[in-house]
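Chain by chain, the residues:
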Number of protein chains: 2
Amino acid sequence: MNNQPEELKNEVIYDEDSLRELLVNEDIHSFRQEYLTLHPYDRAIFYEKVDPKLRELMYFYLSPKELAEIFETSEIDEDEYKEFLEEMDATYAAEMISYMFVDNAVDVLKELDKKQVVSYLTLMDKDAAVQIKALLHYEEYTAGSIMTTEFVTVPENSTVRSAMTILRNEAPSAETIYYVFVVDDHQRLTGVVSLRDLIIADEDTLIREIMSDRIVSVSVSDDQEDVARTIQDYNFLAVPVVDFQQHILGIITVDDIIDVLDEEASDDYSKLAGVSTMDTFDKNSFSAAKKRIPWLITLIVLGMLTANLIDLFTETISQVALLAVFIPLIAGTAGNSGTQSLAVAVRGIATRDIEDESKFKLLVREAGTGLITGLVCAIFVVLLIFIWKHELVIALLVGTATLVSIFVATISGSFIPLFMHKIKVDPAVASGPFITTLNDVISIIIYLGLATAFISSL
Amino acid sequence: MNNQPEELKNEVIYDEDSLRELLVNEDIHSFRQEYLTLHPYDRAIFYEKVDPKLRELMYFYLSPKELAEIFETSEIDEDEYKEFLEEMDATYAAEMISYMFVDNAVDVLKELDKKQVVSYLTLMDKDAAVQIKALLHYEEYTAGSIMTTEFVTVPENSTVRSAMTILRNEAPSAETIYYVFVVDDHQRLTGVVSLRDLIIADEDTLIREIMSDRIVSVSVSDDQEDVARTIQDYNFLAVPVVDFQQHILGIITVDDIIDVLDEEASDDYSKLAGVSTMDTFDKNSFSAAKKRIPWLITLIVLGMLTANLIDLFTETISQVALLAVFIPLIAGTAGNSGTQSLAVAVRGIATRDIEDESKFKLLVREAGTGLITGLVCAIFVVLLIFIWKHELVIALLVGTATLVSIFVATISGSFIPLFMHKIKVDPAVASGPFITTLNDVISIIIYLGLATAFISSL
């Protein structure tokens, strides 16, 4: 079966040029008719692409509420919020923000200067401002910072019929209506009912009878990654956020969680590669270089330590220059096996696989893995070098160094990140340089140390 | 605000020991009452944890349908399916599979031997077997292979009332009822209505009037990662899968997509680290070593190439042993900057950020980044070495090698993966060793070549 041609598929969804033409011709009516039938994501793509001049026209043609839908999409990047908002009239911008779901409105405001935030909050509808302010103070990366307060609650003793009426009324403003949260008189969460259960239930049934009271909730101070894993594990569309007295404060929906997991993955990946903050491609070389240089400089400084160490052995090297030939190989192999176990550990921590594990068992297993891997690689290296150079002593030296350094690298590669995690330092960022340097130092001391000791046999 | 203590939170959800006790005492009634009120995910955790002997009791106490719910969860790993199924009576197992959502049933069967698949399909209900067979033949990693056929369709000219009736009837078996797909007489997809729209609409409205006819769909042969990005971009709960004539064949829901994105991220991450297939932690050292060794051996072979190259310069090195001191530093720095740009490119490809970019602009930008990064690092290195060793010529040699190798590494780090992507080879797996070796070779040729040329000044 063939793919649909990409062009055809896009054309079905929207025609950029004709939309642009309608704007240029200031044909408000046709533009609105065409544009507003698009999915907000496609509207956002168009909005982002056109010149600022045409966007200014759009601010006249679209209501703040209509524009809010565009800003809800993930297409508009965080670093673009500020720029776009400054194009708009301040009152219009404030009104637009007030129409967004609270969690997204907060995301937008977090990108602005304090002064701007205050002025927008002053300009907007009181109710919206109060809701936004309540969320603005939650710490970044906590459940509180990504939750929204637009959820639907019903009392325990209401009927399915009255619950459906509440739902219908709240549908236009709620972020999800597929879960209804059941609360007691003190707004404490006591159950949850899905819309699926509601529509198949008899209308006179009491909510209490069909709700599930085994509630899985997250605490407002939980880390957003834990929240994401909860939603992923339970296949939820949303999870309630509660305080320590089980009052429901907000909900977090699955679409926000996908973005959290994606960010987390990009983050771990960039850190393994030594690019500290890489969310998207950079638009210019300078900002890209600025992100990459600190890491390279750090590694150069650490590399100088290794160079210092080798420097202690220059006499040995000048006697047997062949020794120098294998230094990069040994250091490289240790580095590679260290990175492997680092990656397994970091990914295990990220996906929570590692938490059920006993640390002692893990140590035994990693030691075993290091030993097996080291032995196999060492034997291979000894054979290769002996066949190539017919120098048995050097081959054995390189082999021994390979074995020991892989062993050490494997254990340190998993234990340093676990330790970092324990002391609440992000293992992805802190472990790399430590492990690399440690491995370099150990492998070189073993290799050149042994070589110096056996120099007479070389 | 404090975190809820972890123990307390779990206790609220379920008490493992008391459940186990009920099983041991063969208290069927209480066990079922307690166990079946748990969320399937928690049921799965318990099921996985208990001894095989107790699990055997569970097969007697739970119906195949009840067990199917456990197998739907992501807690049960793919490599455990086979083991668990073999514990069960074959007819029981077949019936259980027939009760699973078709997409998940297919996932289970894909882990088994052909013979087992055939026997289970023969043992189960005909209808279920036909549905499963229809999905079994889709290629791995395509939309077809992860879609389910349990979706709800309504004819265009039905009313909201009749659509709701259809929904209520299909709710128990459909994977999602939050989207209803509208089809014409030939089962061609013509629109989509959300349950949200249905419940706020007047009951006599025609579906045609409230449906959205700007359908975003995916083709059955699309890559699962593209499907995932579509759902992520549009914030969908599900996306319809169509053939090239727009017939609806299935749907893919957001929970499956989270797992796809997670797999993809783990996959890219493992490949960057050189662990080819790392889904979860390994239970023993041998299987972990088996996964890591091929990569290490590959890198050792490539490292031997570098060693060969250095070997050409042993004469120079034996004259000026200090040269050897900086070989790991130069090769390491080139490797690090290559990995940085590789990571940016791989992640850019994965998140589709890179697709809107002109390749020429990208080349210019990467060249710029490489030049700036290389210059800064080179100056830093020259200063460090000059201060340390007071050897200006060597410092300049190392600096030049650093500059050129960072420049080459940056460009190759982004262009090799882009080229791989173009020729449909996974950039994450194929680029690493190429780039590392290329960088090593280039940096060493420059460094030792220049050193040999200027040997008289050293």
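- Taking an unreviewed UniProt entry as the reference, chain A is identified by name as Magnesium transporter MgtE belonging to Sporosarcina newyorkensis 2681.
- Regarding chain A, the UniProt comment filed under Sequence similarities (unreviewed entry) reads as follows: "Belongs to the SLC41A transporter family."

**Points about the side chain of Asp256(B)**
Thinking step 1. Along the chain, the position of Asp256(B) falls in helix H17 (residues 254–273).
Thinking step 2. Despite its burial, Asp256(B) remains without a salt bridge, the nearest opposite charge being carried by Arg196(A) at 12 Å.
Thinking step 3. Among all residues touching Asp256(B), those that are not within four sequence positions of it are Asp103(B), Asn104(B), Ile146(B) and Glu175(B).

**Re the sheet that holds strand E6 (residues 248–253) of chain B**
All names here are of chain B.
Thinking step 1. Ordered by their spatial adjacency, three strands build an open sheet running E4-E5-E6, and the pairing between neighbours is mixed. Both edges of this open sheet fall to strand E4 (218–219) and E6, since each of them pairs with a single strand only.
Thinking step 2. Summarising the sheet, strand E5 (residues 238–242) and E6 pair through five bridges and their orientation is antiparallel. Along E6, the bridge assignment pairs Val242 with Ile248.
Thinking step 3. Those strands touched by helix H16 (residues 224–234) are E4, E5 and E6, and its axis lies near 65 degrees from that of E6.

**A word on the sheet that holds strand E4 (residues 218–219) of chain A**
All names here are of chain A.
Thinking step 1. The sheet built from three strands is open, its strands ordered E4-E5-E6 with mixed pairing. Each end of this open sheet is capped by a strand with a single partner; those strands are E4 and strand E6 (248–253).
Thinking step 2. With two bridges joining them, E4 and strand E5 (residues 238–242) adopt parallel strand pairing. For Ser219, the partnering residue across the bridge sits in E5 and is Val242.
Thinking step 3. Each of E4, E5 and E6 touches helix H16 (residues 224–234); the most contacted strand, E6, lies at about 65 degrees to it.

**Structural notes on the UniProt feature "domain: CBS" (unreviewed entry) in chain A**
Thinking step 1. Those places that UniProt annotates as "domain: CBS" (unreviewed entry) correspond, in this numbering, to residues 147–209 and 211–269 of chain A.
Thinking step 2. Structurally, residues 211–269 of chain A is divided into 46% helix and 22% strand, and its ends, taken at the C-alpha atoms, are 41 Å apart.

**Remarks on the relation of the copies chain B and chain A**
A rotation about some axis, followed by a shift along it, carries one copy of the chain onto the other.
Thinking step 1. Note on the identical chains: chain B maps onto chain A by a rotation of 180 degrees and an axial translation of 0.1 Å, with an RMSD of 0.3 Å. On the angle and the small slide along the axis, the relation comes out as a two-fold axis. For chain B, the minimum C-alpha distance to the rotation axis belongs to Ser318(B) and amounts to 2.1 Å.
Thinking step 2. A share of 100% of interface residues in chain B that are also interface residues in chain A marks the association as one of identical surfaces.

**Quick look at the domain arrangement of chain A**
Thinking step 1. You can read the domains of chain A as domain 1 (6–137), domain 2 (153–254) and domain 3 (285–457).
Thinking step 2. Centre-to-centre, using C-alpha coordinates, domain 1 of chain A lies 51 Å away from domain 3 of chain A.

**Some remarks on unusual backbone geometry**
Residue and element names in this part refer to chain B.
Thinking step 1. The phi dihedral of Glu26 falls on the positive side, at around 55 degrees, and the residue is not glycine.
Thinking step 2. Summarising the element assignment, Glu26 is placed in the loop between helix H2 (16–24) and helix H3 (28–35).
Thinking step 3. One non-glycine residue, Gln187, adopts positive backbone phi at about 60 degrees.

**Digging into the nonpolar core**
Thinking step 1. By size, the foremost hydrophobic cluster in this structure holds 192 residues, and its most contacted members are Tyr47(A), Leu195(A), Tyr47(B) and Leu195(B).
Thinking step 2. Among residues more than four places away in sequence, those in contact with Leu195(B) are Tyr178(A), Leu195(A), Ile199(A), Met164(B), Leu167(B), Ile177(B) and Tyr178(B).
Thinking step 3. Of all hydrophobic cores here, the second largest spans 73 residues; its members include Ala307(A), Ala451(A), Ile317(B) and Ala401(B).

**Quick notes on the interface of chain B and chain A**
Thinking step 1. Between chain B and chain A, the contact holds 131 residues from the first and 131 residues from the second.
Thinking step 2. For the pair chain B and chain A, the two sides together bury roughly 11500 Å², of which 66% comes from carbon and sulfur.
Thinking step 3. The tally of links from chain B across to chain A stands at eight salt bridges.
Thinking step 4. With its nearest N and O atoms 3.5 Å apart, the salt bridge here joins Arg292(A) to Glu366(B).
Thinking step 5. One can count 30 residue pairs in polar contact (both at pLDDT 80 or more) joining chain B with chain A.
Thinking step 6. Per-element tally for the side of chain B that touches chain A: the top contributor is helix H18 (residues 285–311) of chain B, with 18 residues.
Thinking step 7. Among the residues making up the side of chain B that touches chain A, the classes are represented as 71 nonpolar, 35 polar and 25 charged.

**Here's the deal with the UniProt feature "transmembrane region" (unreviewed entry) in chain A**
Thinking step 1. Those places that UniProt annotates as "transmembrane region" (unreviewed entry) correspond, in this numbering, to residues 293–314, 320–346, 367–388, 394–420 and 432–455 of chain A.
Thinking step 2. Helix and strand shares over residues 293–314 of chain A are 91% and 0% respectively, and the end C-alpha atoms of the span are 30 Å apart.

**Some remarks on H16(B)**
All names here are of chain B.
Thinking step 1. Of all eleven residues that make up H16, eight are buried, and the element is covered over most of its length.
Thinking step 2. When H16 is considered as a whole, its buried residues turn out to be Gln224, Val227, Ala228, Arg229, Thr230, Ile231, Gln232 and Tyr234.
Thinking step 3. A side-chain oxygen of the first residue of H16 lies 2.8 Å from the backbone nitrogen of Glu225; this N-cap is Asp223.
Thinking step 4. With its phi angle positive at about 55 degrees, Asn235 sits one or two positions after the end of H16.

**Section: the packing of aromatic side chains**
Thinking step 1. Considering all chains together, one arrives at 33 aromatic pairs over all chains under this definition.
Thinking step 2. Aromatic pair Tyr234(B) and Phe236(B): ring centres 5.2 Å apart, planes at 10 degrees, arrangement stacked.
Thinking step 3. Residue Tyr234(B) is classed as buried on the basis of its relative accessible area of 10%.
Thinking step 4. Note on Phe326(B) and Trp388(B): the rings are 5.9 Å apart at their centroids and 85 degrees apart in plane angle, and the pair reads as edge-to-face. With Phe326(B) in the loop between helix H20 (322–325) and helix H21 (327–350) and Trp388(B) in helix H22 (residues 359–389), this pair connects stretches of sequence that are 62 residues apart.
Thinking step 5. On the accessibility criterion, Trp388(B) (26% relative accessible area) is partly exposed.
Thinking step 6. Pairwise contacts between aromatic rings join Tyr41(A), Phe151(B), Tyr179(B), Phe181(B), Tyr234(B) and Phe236(B) into one cluster.
Thinking step 7. The side chain of Lys389(A) reaches across the aromatic face of Trp388(A), ending 4.9 Å from its centre.

**Regarding the packing of helix H4 (residues 40–49) of chain B against helix H6 (residues 64–71) of chain B**
Residue and element names in this part refer to chain B.
Thinking step 1. Between H4 and H6, whose axes approach to 8 Å, the crossing angle comes to 95 degrees. Our classification of the angle between H4 and H6 gives roughly perpendicular. Residues Pro40, Arg43, Ala44 and Tyr47 of H4 form the contact with H6, whose own contacting residues are Glu66, Leu67, Glu69, Ile70 and Phe71.

**With respect to a nonpolar patch on the surface**
All names here are of chain A.
Thinking step 1. Together, Leu371, Leu375, Ile379, Leu383 and Ile387 give the surface a local cluster of nonpolar side chains, amounting to about 490 Å² of exposed area.
Thinking step 2. Structurally, Leu371 is set in helix H22 (residues 359–389).
Thinking step 3. Residue Leu371 is classed as partly exposed on the basis of its relative accessible area, which comes to 44%.

**Examining the pattern of salt bridges**
Thinking step 1. With the rule as written, the count across this model stands at 30 salt bridges over all chains.
Thinking step 2. Linking Arg43(B) and Glu69(B) is a salt bridge whose minimum nitrogen-to-oxygen distance equals 3.8 Å. Placement of the pair is Arg43(B) in helix H4 and Glu69(B) in helix H6, with a sequence separation of 26 residues.
Thinking step 3. By relative accessible area, which is 37% here, Glu69(B) ends up partly exposed.
Thinking step 4. The network of salt bridges with shared partners includes Glu16(A), Asp17(A), Arg20(A) and Lys49(A).

What counts as what
- Residues numbered from 1 in each chain as written.
- Chains lettered and ligands numbered in written order.
- Predicted model: local features only at pLDDT ≥ 70, side-chain atom pairs only at ≥ 80, totals over all residues.
- Heavy atoms only, no water.
- UniProt positions renumbered as here; feature names shortened; annotations may be inferred.
- Helix = DSSP H or I, 4+ residues; strand = E, 2+ residues; numbered from the N terminus.
- Buried < 20%, exposed > 50% of the residue type's maximum accessible area, 1.4 Å probe, protein only.
- Lys, Arg positive; Asp, Glu negative; His and termini not counted.
- Salt bridge = Lys/Arg side-chain N within 4 Å of Asp/Glu carboxyl O.
- Contact = heavy atoms within 4.5 Å.
- Pairing = 2+ DSSP bridges.
- Axes fitted to C-alpha atoms, helices over the stretch in contact; angles between N-to-C directions.
- Least-squares fit on C-alpha atoms with pLDDT ≥ 70 in both.
- Domains from an automatic or database assignment.
- Core = buried A, V, L, I, M, F, W, Y, C linked by side-chain atoms within 4.5 Å.
- Buried area = accessible area lost by both parts, 1.4 Å probe.
- Polar contact = N/O pair within 3.5 Å; in protein donor to acceptor, adjacent residues only side chain to side chain.
- Nonpolar A, V, L, I, M, F, W, Y, C, P; charged D, E, K, R; others polar.
- Phe/Tyr/Trp six-rings, centres within 6.5 Å; stacked < 30°, edge-to-face > 60°.
- Lys NZ or Arg CZ within 6 Å of the ring centre and 35° of its normal.
- Parallel < 35°, antiparallel > 145°, perpendicular 65-115°, else oblique.
- Patch = residues over 30% accessible without salt bridge, like charges linked within 9 Å, V, L, I, M, F, W, Y side chains within 5 Å.
- Areas by Shrake-Rupley, 256 points an atom, 1.4 Å probe, with all protein chains shown as cover.

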